[in-house]
Amino acid sequence: MSIMSCYNTWKLFRRFQHDNLLHLAITEADCPRLSSREGITVPLVAKNRVTSQLVLDVKMSILASWTTSILLYDDSIDVEVMKGIIMGLSSIIPGREDSTATISVYKVNNSRIEWERRRSVTKVLEDLPVNRLGSNFVVSVSHELIGVVMEVCKRVGLSEPVNQWFYLVPDANSINSNMSAYISLLNEGENIAFAQNTTTNSSKCKGGLFCHIEELLQSFVLSLDLLAQEEEAMIGQVSPEEWDVIRPSKLERRSKLLDSIRTYLSERGRCDNCTMWTFKSGDTWGLEYQEQEQKDSGRKIARQLVTVGIWTPREGIKMSDHLFPHVRHGFAGRNLPIVSFNNPPWQIIRYNESGENVEFKGFVFQIVDQLAQSLNFSYTVMFPANNKDGWTNDSSILKDVFLAAGAFTVTERRKELVNFTMPISIQASSLLTARPGEVSRALIFMAPFTYDTWICIVVLIVIITPVLRYFHCHSPYYKYYYKNGVQGGLNTLFKCLWYVYGALMQQGGTYLPEADSGRILIGSWWLVVLVIVTSYGGNLVAFLTFPKYKIAITNIEELMARKGTVSWGLLKDTSIEHHLREQDYPKYKELYEGAIVHDEQNAEMVTKVRSGSHVFIEWKLNLLNLMKKEFLATNSCDFALGEEDFLEEQVAMMMQFGSPYLKLVNRELRRMHQSGLMYKWYLEHLPRKDRCWSTSRIMEATTHTVNLDDMQGSFFVLGLGCACAVVLICLELCYHKHKLSKEKKVVKPFVT
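Residues numbered from 1 in each chain as written. Predicted model: local features only at pLDDT ≥ 70, side-chain atom pairs only at ≥ 80, totals over all residues. Heavy atoms only, no water.

Caption draft 1: Local environment of the overall build of the protein chain. Within the protein chain one finds 27 helices and 23 strands. Relative to its length of 752 residues, the protein chain is extended, with a C-alpha radius of gyration of 48 Å against a globular reference of 27 Å. C-alpha atoms of the protein chain, sized along the principal axes, occupy 180 × 70 × 50 Å. Relative to its full complement of 752 residues, the protein chain shows a buried share of 43%. In the protein chain, once contacts between residues fewer than 6 apart in sequence are set aside, the share between residues at least 24 apart is 75%. When the accessible surface of the protein chain is split by element, carbon and sulfur atoms take 55% of a total near 41,400 Å². Of note, the protein chain has its 80 positive side-chain charges centred 7 Å away from the centre of its 81 negative side-chain charges. (Helix = DSSP H or I, 4+ residues; strand = E, 2+ residues; numbered from the N terminus. Rg over C-alpha atoms; globule rule 2.2 N^0.38 Å. Buried < 20%, exposed > 50% of the residue type's maximum accessible area, 1.4 Å probe, protein only. Contact = heavy atoms within 4.5 Å. Areas by Shrake-Rupley, 256 points an atom, 1.4 Å probe, with all protein chains shown as cover. Lys, Arg positive; Asp, Glu negative; His and termini not counted. Charge placed at Lys NZ, Arg CZ, Asp CG, Glu CD.)

Caption draft 2: Structural context of the state of the cysteines. In total, this model carries three disulfides according to the counting rule given. Two residues share a disulfide in this structure: Cys 6 and Cys 31, whose sulfurs sit 2.2 Å from each other. Residues Cys 6 and Cys 31 share a disulfide whose torsion about the S-S bond is about 80°; that sign makes it right-handed. In this pair, Cys 6 is assigned in helix H1 (residues 6-15) and Cys 31 in the loop between strand S2 (23-28) and strand S3 (39-44), connecting sequence segments 25 residues apart. Disulfide partner of Cys 211: Cys 271, at an S-S distance of 1.7 Å. On the sign convention where negative means left-handed, the S-S torsion of about -95° between Cys 211 and Cys 271 marks this disulfide as left-handed. Separated by 60 residues along the polypeptide, Cys 211 in helix H8 (residues 209-235) and Cys 271 in the loop between helix H10 (250-268) and strand S9 (277-283) bring together distant segments of the chain. Per residue, the accessibility class of Cys 211 equals that of Cys 271, and both read buried. With no disulfide of its own, Cys 724 has Cys 722 as its nearest cysteine by sulfur position, at a separation of 9.3 Å. (Disulfide = S-S within 2.5 Å.)

Caption draft 3: Spotlight on the sheet that holds strand S6 (residues 136-140). Within the open sheet, the eight strands sit side by side as S5-S4-S6-S7-S8-S9-S10-S11. Their pairing is mixed. At either end of the open sheet lies a strand with only one pairing partner, and these are strand S5 (102-107) and strand S11 (316-319). Recorded for the sheet is a direction-independent mean angle of 25° between the axes of neighbouring strands. As paired elements, strand S10 (residues 304-312) and S11 share four bridges and run antiparallel to each other. Across the sheet, the residue bridging to Trp 311 is Ile 317, located in S11. Strand contacts of helix H2 (residues 50-61): strand S7 (164-169), strand S8 (192-197), S9, S10 and S11, with the helix running at about 55° to S9, the strand carrying the most contacts. (Pairing = 2+ DSSP bridges. Axes fitted to C-alpha atoms, helices over the stretch in contact; angles between N-to-C directions.)

Caption draft 4: Just the packing of aromatic side chains, in detail. Evaluation of the coordinates by the stated rule reveals 27 aromatic pairs. On the basis of an interplanar angle of 75° and a centroid distance of 5.5 Å, the ring pair of Phe 331 and Phe 402 is categorised as edge-to-face. Here Phe 402 lies in the loop between strand S15 (378-382) and strand S16 (403-409) and Phe 331 lies in the loop between helix H12 (325-329) and strand S12 (335-339), a separation of 71 residues in the sequence. Per residue, the accessibility class of Phe 331 equals that of Phe 402, and both read buried. Judged by centre distance (5.0 Å) and plane angle (55°), the rings of Phe 331 and Tyr 661 are tilted. With Phe 331 in the loop between H12 and S12 and Tyr 661 in the loop between strand S23 (646-655) and helix H24 (662-675), the pair connects residues that are 330 residues apart, well separated along the chain. An aromatic cluster is built from Trp 285, Tyr 289, Phe 331, Phe 377, Phe 402 and Tyr 661, whose rings are joined through pairwise contacts. Above the face of the Phe 16 ring, Arg 15 is positioned so that its terminal group lies 4.7 Å from the ring centre. (Phe/Tyr/Trp six-rings, centres within 6.5 Å; stacked < 30°, edge-to-face > 60°. Lys NZ or Arg CZ within 6 Å of the ring centre and 35° of its normal.)

Caption draft 5: Spotlight on helix H15 (residues 451-473). The terminal C-alpha atoms of H15, which comprises 23 residues, lie 34 Å apart, in line with the 33 Å expected from a rise of 1.5 Å per residue. Among all positions of H15, only Ile 457, Ile 461, Ile 464, Thr 465, Leu 468 and His 472 are buried. Its buried side turned inward, H15 meets helix H16 (476-482), helix H17 (493-504) and helix H18 (516-545). (Expected span 1.5 Å × (residues − 1).)

Caption draft 6: Broad picture of the packing of H24 against helix H25 (residues 677-684). With their axes 4 Å apart at the nearest point, H24 and H25 run at an angle of 75° to one another. With respect to their mutual orientation, H24 and H25 come out roughly perpendicular. Residues Leu 669, Met 672, His 673 and Ser 675 of H24 form the contact with H25, whose participating residues are Leu 677, Met 678 and Trp 681. Residue classes in the contact of H24 with H25 are distributed as five nonpolar, two polar and no charged. (Parallel < 35°, antiparallel > 145°, perpendicular 65-115°, else oblique. Nonpolar A, V, L, I, M, F, W, Y, C, P; charged D, E, K, R; others polar.)

Caption draft 7: Up close: the pairing of S7. Of all six residues in S7, six are buried; the element is thus mostly enclosed. The pairing of S6 with S7 spans five bridges and is classified as parallel. Bridging across to S7, Val 139 finds its partner in Tyr 167. As for the winding sense of the linkage, the β-α-β connection from S6 through helix H6 (residues 143-155) to S7 is right-handed. As paired strands, S7 and S8 are joined by five bridges and run parallel to one another. (Right-handed = clockwise from strand over helix to strand, strands pointing away.)

As structure tokens, then:
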């Protein structure tokens, strides 16, 4: 037990802190109390220093997380008391010496004239740089100014859920200790608490050093005696060996003694019992929506001040709840109405056989469920009265609901009607086109060479044929060896053409030139044929292995280039239509002017896209879901997405204008983004990858197994050759019959 100054008390405490000793300390005012698990601190507080000790105790226990605070005061507060309040708010928490606490002090004018007081408070609160100074407020003014501060802070937008207001009411006796005057000033969504001076004056009130010494010693002796009796009774029931095992440790004995001493002081203590402050907190969150729900029943839930604790100089703070319950408990489990509609995959609402909604799923409802868990509320889903499955664009529907749970595009026009939360996603538009089909393989045997190359080969055959005949017919070789010149062989153009064609087919011919000039020409032609055939064979293998696809529409420029053969469209009354309508950029302006506006997404429109005559413009996520749906229905990959994403739009939920919970919801959404929950949920609602996931450009690089369709060109050539052969043999037969019939008509002499 120590009776020392604050400095020496803490010095002594730290000296024996690790010895698990019980410390009963009587010290001076404005001294931080020892840890409640290690000792009892009784500051000797004078009546004019009660407020500063109260603030210090509150800061050390309840408001320990406050690293910044803004203090408002007026002339009704004594200078010494104000110094004590400032020191209490800026005190460093024991054990957290590395964290500093800053405080900003502002004085308001407590004039007797109402409008001057209001002007002074307004000027201070309007100019507060809350972003730099923090959102924690302590107000220590006369009771006349408390109501003014509450009204002004609402008008300047400081009565929000992210701000905390702690009012000190030292002169509450002047209004007969009645706090009902402030209840009517409570605002929806406030975090507000009052410390009301409920001290009573009586001749029986005791205090002072000797009173506390007597009480502490008496409570300690009685508690120690009670603890000893309990242990003696236990010792008599067990053996010495068992007692050595179960006997309480020094730390356990200290804990039991502390609990017993506090119980005695609370029940029988008389010192400084007359000095008391009561903590009251405003119950304000969600009551606006509760009142709306119970209008029909005639009941009205009013905002109120709830007693959450008391403070006395001897025992300090005894709390039944947090000073700011909504900071700890959020909406306290209240049921809040929200409005939504069915819009897969963002909001998925399932109905039972009787038409009642039984399940709420989707990306947005995952966010709402996380909000409900973080802010401690449940929700009831409402639907637009005249459009159950869509959004009516009517801001009046938000009047009586907490949140519009939906994926709404942020537009300037809507910003004039509602408040948007921070974006939950960013969606880009894309093009849905028919999946590029393979180019016909019927003429694939022509594909290795271009038409210019084929023409050059034909021209070369036409040129080489007469040249070969000339060399063969005019060579001196045949006159020298055969005297009469060349006879038979390659002496006609037809035979030369047939040999050149046979060489090109790598078959050769029946006749060969004997002269060196002809042989050199034929050898050169075979070299040309070798190059042509080798190049043709290599390219043909490449064309057979890697099929070629039709040119796909991958961006707006390609779509505009084919506007004569392909149409495009978008849905009516969507954000894409509004954005394109308001765009001045020539590309988007032309896109909108040529677009077909569809009333709905129906099977006819999907069929036109599948046929390749139409392109659909929509959010990329919605197009992916449409592709997945059609794949499951047809088991074929008929669609492809453009490679260019355009018109990126922010998607957010909506709240009514003036909602105090906008910043609170945004703070929770920001945490979801930072923790990766948003991205995880978004990926969960993307369609699962399947064999249709690849794009047209990826398809071109994919190897291909040669099938009958690839070889159909060769069969066409074979069929064409067979047809020509049949025609020629028919002509030969006809010619032969004609020749025989002509010979029969001629009379020939009989020769013996």
